[in-house]
Amino acid sequence: QVQWIASGGGSAQVGGSLTLSCVFVGHAYGDYCLGWFRQAPGKEREGVARIDQGRMTKYADFVKGRFNVSRNNAKNTLDLHINDLKVEDTGVYYCAAGDGDEAECLELEQSEFYVWGRGTQVTVSS
């Protein structure tokens, strides 16, 4: 019933850029903690970026300086701008929303995100 609809995935070259976008359908997400996750082949799903209700952000060390997360609460959209792509960025990317106020959102455990997008494939080639 409630869901994320993702777009922007695809193939790109090393050093290139991609923008992933999600729009939430069925509910307003202005008060929710939002995040992006990815799962590379053979690896567990990992968090890559968070953005809280006040638009404060946190990034995994391996994407700092290259990824930029933003949200538009009025439009229920969540974007991930990826720059300087690396081969290891390849994987399925998921947008997610869940519990956690501003005091805890940036440190929220993955299990506390309960609405997940279907996932969009990102493939980076040299």
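In this report, we go over the structure that sits alongside the text. Model, not experiment: these values are computed from the prediction.

Okay, the sheet that holds strand E8 (residues 77–82) next. In any sheet, the strands associate via hydrogen bonds between backbone groups, in a parallel or an antiparallel arrangement. Spatially, the four strands line up as an open sheet ordered E1-E3-E8-E7, and their pairing is antiparallel. Each edge of the open sheet is held by one strand with a lone partner, namely strand E1 (3–7) and strand E7 (67–72). When strand polarity is set aside, the average angle formed by the axes of neighbouring strands in this sheet is 15 degrees. Note: E1 against strand E3 (residues 18–25), five bridges, orientation antiparallel. When the sheet's bridge partners are listed, Trp4 is paired in E3 with Phe24.

With 27 residues, the main nonpolar core has Trp4, Trp36, Val69, Leu78, Leu80 and Tyr93 as its most contacted residues. Where this core is concerned, the elements lending two or more residues are E3, strand E4 (33–39), strand E5 (46–51), E7, E8, strand E9 (91–98) and strand E11 (120–125). No other element matches E3, which puts four residues into this core. Membership of the second largest hydrophobic core comes to six residues, among which are Cys33, Cys105, Leu108 and Phe113.

Together, Asp99, Asp101, Glu102, Glu104, Glu109 and Glu112 make up a negatively charged patch on the protein surface. Mapped onto the secondary structure, Glu112 falls in the loop between E9 and strand E10 (113–116).

One non-glycine residue with positive phi stands out, namely Asn76, at about 55 degrees. Among the structural elements, Asn76 can be located in the loop between E7 and E8. Within the chain, Asp84 stands out as a residue other than glycine whose phi angle is a positive 50 degrees. With respect to the helices and strands, the residue Asp84 is situated in the loop between E8 and E9. When its relative accessible area of 39% is taken as the criterion, Asp84 is described as partly exposed.

Let us look at the pairing of E11. Covered by surrounding structure in E11 are Thr120, Val122 and Val124 only, the residues Gln121, Thr123 and Ser125 on the alternate face being uncovered. Note that strand E2 (residues 10–13) and E11 share four bridges and pair parallel. Note that in E11 the partner of Gln13 across the bridge is Ser125. Across three bridges, E9 lies against E11 in antiparallel orientation. Each bridged residue has a counterpart across the sheet, and for Val92 the counterpart in E11 is Gln121.

Conventions and cut-offs
Residues numbered from 1 in each chain as written. Predicted model: local features only at pLDDT ≥ 70, side-chain atom pairs only at ≥ 80, totals over all residues. Heavy atoms only, no water. Pairing = 2+ DSSP bridges. Helix = DSSP H or I, 4+ residues; strand = E, 2+ residues; numbered from the N terminus. Axes fitted to C-alpha atoms, helices over the stretch in contact; angles between N-to-C directions. Core = buried A, V, L, I, M, F, W, Y, C linked by side-chain atoms within 4.5 Å. Buried < 20%, exposed > 50% of the residue type's maximum accessible area, 1.4 Å probe, protein only. Patch = residues over 30% accessible without salt bridge, like charges linked within 9 Å, V, L, I, M, F, W, Y side chains within 5 Å. Areas by Shrake-Rupley, 256 points an atom, 1.4 Å probe, with all protein chains shown as cover. Salt bridge = Lys/Arg side-chain N within 4 Å of Asp/Glu carboxyl O. Lys, Arg positive; Asp, Glu negative; His and termini not counted. Charge placed at Lys NZ, Arg CZ, Asp CG, Glu CD.

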